[in-house]
Amino acid sequence: MTEPLLRVRDLRTYFVTERGAGTARAVDGVSFDIFPGETLGIVGESGCGKTVTSLSILRLIPEPPGHIRPGSFIEFEGRNLLTLAPKELRAIRGNKIAMIFQEPMTSLNPVFSVGDQIAEAAIVHQGLSRKAARARASEMLKLVGIPDPEERVDHYPHQLSGGMRQRVMIAMALVCHPQLLIADEPTTALDVTIQAQILELLDRLQAELGMAVMLITHDLGVVAGTVDRVVVMYAGQVVEAAPTKGLFARPAHPYTEGLMAAVPRLDAPRARLHAIPGQVPAATAWPAGCRFHPRCPFAWEKCRVEEPPLFDTGVPGHAARCWLVTEPARRTAKA
Amino acid sequence: MTPRTWLALLAALTVAIAAVALLRRRAARTPAGREFFRHPPAAPGLAVLGFFAIVAIGARLVAPYHPAAQLDIVGLQNQAPSWAHPLGTDTFSRDTWSRLVFGARISLAVGALAMLVAVTVGSIVGAMAGYFRRWVDAVLMRTVDVGLAIPRLFLLLMIAALWEGLPLPVLVLLIGLTGWFGTSRLVRAEVLSVRERDFVAAARALGAGPARVIFRHVLPNAAAPIIVSAALGIGNVLLLEAGLSFLGIGVQPPLPSWGNMIGDGWRQLAVAPWATLFPGLAIAVVVMALNAVGDALRDALDPRREVT
Amino acid sequence: MTAWLMRRLAAAIAGVWAVVTLTFLLIHLAPGTPFLPGAERPADPAVIAELRARFGLDRPLPAQYVSYLRELVRGNLGVSFARRRPVAEALVEAIPNTLVLAGAALCIDFLLGLALGIYQAARARRAADVVLGNATLFFSSVPTFWLGLVLLLVFGQWLRWFPVGGVTDPVLYSSLPWAGKVADRLWHLALPALTLGVVGAAGTARYQRAAMLEALGQDFVRTARAKGATERRVLLRHALGNALLPFITLFGLAFPFLLTGAVLTETIFAWPGMGRLAAEAIATRDYPMVTAAALVAAVMVAAGNLLADLLLAAADPRIRVASE
Ligand SMILES: Nc1ncnc2c1ncn2[C@@H]1O[C@H](COP(=O)(O)OP(=O)(O)OP(=O)(O)O)[C@@H](O)[C@H]1O
Ligand SMILES: [Mg+2]
C-alpha cells in the first residue's frame, strides 16, 4: 500500500471556556489517514468535533480559548504540522493543503473583489504579478463553472448568490493545486439542488486535479455517492472507520446505524424516518464509559463504565469503537 | 485640615472600598455580575465613583473650610500644598481641597441630573419612534439626525451668550436637552427588536394601550443600552460642564465646580499650578472611572457579546 | 450612488438649516436684544439701528425670517458689537487658523490613534495592550483644555521647549527667512495641536482596537490564514480593510470634537482662531459673533459628515456597487 498523505494520530483539541463551564474536549483522541488522491468522508452530528478536527490540521484553532494537546501528531509529507515553525506552516496552508469553510456567506472578505481573494493564495505562494494573478483568478472562476468569469472577477461577495460564493471558495482553495483539500460541509448552507451541483463539481475537480479530499458532512447520504472511505465521529472521537461500501453494507457501530436510518431512501419502502434519540452531550462533560451509551439501544453495564477502544471488526480497514464487536450476540438479542 | 477631616476622609475611602468588595462578592453569584468584575478596571472604577459620591454628600465633614471663604487674602494666597492645605490655596486664598470637595457636589450633581434628563427624553423619544414606526419614526429620527449634527458646545455658547448668567437648573436642563440624541437611537433599535417578541404582542392583545405597553413592557427590556449610554454619557456631561464653566458660562461663582475652579486658576498656572491641576485631575479620574464602569456594564449586560 | 449622496446632502443641508433657524428663534426669544420690549440691557443705539435694518423689525416674523436668510446667503453675518466690524471679516481671518490647528490635530489624532489601535489589537490582552489600554482610557477622559494647561506648564513654563502661545513669534517672525518662518509656525503649532490630537487619538485608539478585534474574529480572517497569508497581511489587509469602514464614520465625529476642543484650546494657547473668537465674544456678550461662530461650526460639521459619507461610499463596495 502507498504511504498516507496525511496521518493524524491521537489528536486532542481542547477549549478552555471562560464562563466557568470547564474544559471542552472538542476533539479527544482522533486518528485517521488520508491517502493521495482518495476522498475521505468525515461524518457525524453537529458538535461532534468535525470542524475542530479540520481546523486543527491547519492549526487554525483560535488560541485562546483553544489549544492542541501535546502528544497529538499530524504528519504531512513526513513532517509533523503541529511542531512546524509558523513560516513553514504558512508555506503549506493554501498551497499544499487548502480548506473550504462551512459558511460561504461570512468566509469571504466583503471589501475585496472575489478576483483579489482568489488570486491571494497565488500571490502569497507563487509571487504572481497582479496581472497574472487576475488572469489566474478568472481561469479559476471558469474552472468552477461560473459564467462570465472575466466580469465576475471584479465583483464583490455580496453580489453573488450562496452557490456562487461556495464556488468562489472552491476556486480560492484550488488556485495552488493543493494535494489535499479539506471541505468542511461545503453544501450545508445551500439549497438541495445547488448542493448536488457543488458535490458534482468537487468530484470533477478531484478527478481533474488528482488531489485528495477530506469531505466533512453530517449527512451520510452525501457520503454514499462520493467518498472512498468514511470516518464516523461522535463526541470528539472516531467511532467507526471503514471503506464506504463496507460501512453501508455492515455498519458496526449503533451510532452509524442510527445515522443511516436517518437518511431517507428511495429504494426502500418509506420507513419512519427515525433520528437517534437524545442529544449530543456537551463537550465539557462527555459521559463516562462509551460516550454513546446514553443514546444506545444495546448499552449494558460494561458500556457505562468502560470506554471501548477502536476494535478491528475483522473486515480489512473496518474498525469500530464498540463493545458489540467483542460480543456480537448482544446485538441480535435486542434487535 | 483638622484630624477630624482627615478621619472623615479615611472613613470615606474605607466605606467606598468596602462597599465595592461587598458588591463584588454578591455579584459573583450571577453571570452578568461575574462578567462585570472580570474587567480589571471595573472594581477600581466603582470604588472611585463611590468615594467621590460619599465625599460629595458628606462635603461638610471632609472639607475643613467653606468653599468660598477667603482665608487670608494677604498671608494665604497661592500657598503650595501643606498639611494645613493638602491641595494648596488659590489666588483668592481659598482652600483648594475644600473647593474640590464642594465642587464635586456641583459637578457630579450637574452630570447626574443632566444625564437623567437626557436619558429620560432619549428613552421616550426612542421608544415612541420604535413603537409607532411609520411617520412618527421618520420625523423623530430625522430630528435626531439634525440634533447629532449640531455642534453642542457652540449651541450652548450661543444660548449662554444670549441669556446672561443662566441659573444652574436651566443649565442642567439645557445640557440634558442637547444630549439625548444618541440615547434615543439606541433605544429605538432595541425597541424595534423587543416589540416583535411574544410578550409585547400578548400585552397588546390583552388591550393594553401604547403608553402602558411602552412603559411596562418595552422600556424595561431595553434597559441595558440605556444604562450603558447613561454611564458613558455622564462622563461627557462632566467634560462639557467643565468646558462651559471654564469659559465662565457654566456654573457661576461663588458656587465652585471643577470646571470653574480651573477657569479661576489657570491664569495663575505658573504661580499656583495646584489650583488648576487638582480639579482637572479629579475630572479625569471620575470620567475615567465612568468610562471603565460603562465598558464593563456594556459587556456584562449584552449577552450577544463575545468574551474578549 | 447619486441617490444615496443626494440623501446625505439633503440631511447635511437640513442640519445647517436647523441651526440657522434655531439661531433666529433664539435671538428673538432672548432678553437683552432689541426684539423684546422692556429689554434689561440697554443696547447701543447704533447697534439697535443696525439690527433693525438687518432684521426688518417692523415687519411680521415670517418676513423677518426670510430677510434674515437672504442676508445669510449673501454672507452678511452682522456686525460685531465689541469689535465694531463685520463679523464675516473677523471670521475670515480666524477660520484659517482654526483649520490649521484642527488639521494638524486631526493628523495626530488619526495617525497615532490608528497605529495604537492596530498595535493593541495585534497584541490583545498582553502587557503592552493593557498598559496602552489604561493610557488611552486616561487620555480619552481628560478635559482637553486641562491637558493643554498641563502641557503648557510643563513644556512651556518649566522646560521652555515650546512657546506658551500665539501663532508666530511676535518679535522675530518678520525677520526670519522663509524656512525659519515655517519652522516658527510649526513650533507654535506643536503644543495646541498635540493637546487636541492626543485626546482625540486616545479615543480613536480605543475605537480602532475594538473594531480591529471585531474584524479579527470574523470568518474571513480564518480564510485568509488558511490561504497561507502572513499575520501581517491578515492584520493590515484583511482586518484593517474592514475595520477602516467604521473608522471613516469616526472622521465625521472627529470634526465636532475638534471644533469644540478648539474653542478651549485656542483660548489657552492664545491661538487667534474661531474658537478663541467665540470665547472672547462670550465674555463681551457679543452675540452676533457667537451666533455666527455657531453657524460656521454647524456648516463645518455638516461638511465633515458629508466628506465622511463620500469616503465611506468610495471605500465600501457594498455601498459603492449597490447604489451604482
Ligand atoms: N471557539 C470555540 N470555543 C469554545 N468551544 C468551541 C469552539 N469551537 C468549537 N468548540 C466546541 O467544540 C465542539 C465541536 O465543535 P465543531 O465545530 O467541531 O462541531 P462540528 O462537528 O463541526 O459541528 P457542525 O456540524 O455544527 O459544524 C462544540 O461542541 C463546541 O463546544
Ligand atoms: Mg462544523
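Starting from 1, residues in each chain are numbered consecutively following that chain's sequence as written. Think of it this way: whatever chain is written first is A, whatever ligand is written first is 1, and the rest follow in order. Local features in this predicted model are restricted to residues whose pLDDT is 70 or higher, and side-chain atom pairs enter the listing and the counts only when it is 80 or higher, whereas totals over whole chains, interfaces and linings include all residues. In computing side-chain properties, one takes all heavy atoms of the structure into account and sets aside hydrogens as well as water.

## As for the packing of helix H12 (residues 223-246) of chain B against helix H14 (residues 274-301) of chain B
Residue and element names in this part refer to chain B.
- Lines fitted to C-alpha atoms define the axes here, with helix axes fitted over just the stretch in contact, and angles between the N-to-C directions of these axes take values from 0 to 180 degrees. The numbering of helices and of strands both runs from the N terminus, where a helix is a DSSP run of H or I of at least 4 residues and a strand a run of E of at least 2. The geometry of H12 relative to H14 is characterised by a closest axis approach of 8 Å and an angle of 165° between their N-to-C directions. With respect to H14, the element H12 is oriented roughly antiparallel. Every pair of crossing elements has a handedness; the one defined by H12 and H14 is left-handed. When H12 is examined against H14, the residues Ala 224, Ile 227, Val 228, Ala 231, Leu 232, Ile 234, Gly 235, Leu 238, Leu 239 and Ala 242 are found in contact with a partner set consisting of Ile 283, Val 286, Val 287, Leu 290, Asn 291, Gly 294, Asp 295, Leu 297, Arg 298 and Leu 301. In these notes the angle categories are as follows: under 35 degrees is roughly parallel, over 145 is roughly antiparallel, 65 to 115 is roughly perpendicular, and the rest is oblique. Crossings are sorted by hand: turned counterclockwise from the far helix by less than a right angle, the near helix makes the crossing left-handed, and turned clockwise it makes it right-handed. Any two residues having at least one pair of non-hydrogen atoms within 4.5 Å are treated as being in contact.

## Side note on the side chain of Thr 267 of chain C
- Secondary-structure assignment places Thr 267 of chain C in helix H9 (residues 231-268).
- Judged by relative accessible area, Thr 267 of chain C falls into the buried class, the value being 18%.
- Discounting residues that sit within four places of it in the chain, Thr 267 of chain C has contacts with Leu 247 and Trp 266 of chain B together with Ala 262, Arg 276 and Ala 279 of chain C. Three labels apply to residues, based on accessible area from a 1.4 Å probe with only protein chains included: buried if under 20% of the type maximum, exposed if over 50%, partly exposed otherwise in between.

## Re unusual backbone geometry
- Cis peptide bonds are those with omega within 30 degrees of zero, and the linkage from Pro 253 of chain B to Pro 254 of chain B qualifies with 10°.
- By the element assignment, Pro 254 of chain B lies in the loop between H12 and helix H13 (258-265).
- Positive phi, normally seen in glycine, also occurs at Arg 160 of chain C, with a value near 60°.
- The residue Arg 160 of chain C is located in the loop between helix H6 (144-158) and helix H7 (178-216) in this model.
- Assessed through its relative accessible area of 62%, Arg 160 of chain C is described here as exposed.
- Phi is positive for Ala 270 of chain C, which is not a glycine, with a value near 50°.
- By relative accessible area, Ala 270 of chain C is classed as partly exposed at 31%.

## Focus: the packing of aromatic side chains
- Any pair of Phe, Tyr and Trp rings, taking the six-membered ring for Trp, is counted once the centres come within 6.5 Å. Such a pair is stacked with planes under 30 degrees apart, edge-to-face with planes over 60 apart, and tilted for the rest. Scanning the entire structure with this criterion turns up 16 aromatic pairs over all chains.
- Consider the rings of Phe 138 of chain C and Phe 139 of chain C, whose centres lie 5.3 Å apart with planes at 80°: the pair is edge-to-face.
- A relative accessible area of 28% places Phe 139 of chain C in the partly exposed class.
- An aromatic cluster is present here, built from Tyr 234, Tyr 255 and Phe 292 of chain A joined pairwise through their rings.
- Either the NZ atom of lysine or the CZ atom of arginine qualifies as a charge over a ring when it sits within 6 Å of the ring centre and within 35 degrees of the ring normal. The residue whose ring lies beneath Lys 302 of chain A is Trp 323 of chain A, and the NZ or CZ to ring-centre distance is 4.1 Å.

## A look at the site of ligand 1
All names here are of chain A.
- Here, proximity means that at least one heavy atom of the residue falls within 4 Å of the molecule or strand. Close to ligand 1 lie 13 residues; Ser 46, Gly 47, Thr 51, Gln 102 and Glu 185 are nearest.
- In protein, a polar contact requires one atom able to donate a hydrogen and another able to accept it; more generally it is a pair of N or O atoms within 3.5 Å, and residues adjacent in sequence count only if both atoms are side-chain atoms. Within the backbone of Gly 49, an N or O atom sits 3.1 Å from an oxygen atom of ligand 1.
- Within the backbone of Val 52, a nitrogen or oxygen atom sits 2.9 Å from an oxygen atom of ligand 1.
- Surface accessibility follows the Shrake-Rupley procedure with a 1.4 Å probe radius. Residue values consider only the protein chains on display as shielding. Here ligand 1, which alone exposes 630 Å², has 70% of that area covered by the protein.
- When residues are grouped by polarity, Ala, Val, Leu, Ile, Met, Phe, Trp, Tyr, Cys and Pro land in nonpolar, Asp, Glu, Lys and Arg in charged, and all others, Gly among them, in polar. Looking at the shell around ligand 1 residue by residue, the classes come out as 5 nonpolar, 5 polar and 3 charged.

In short, the description is geometric, and any link to function would need to be established separately.
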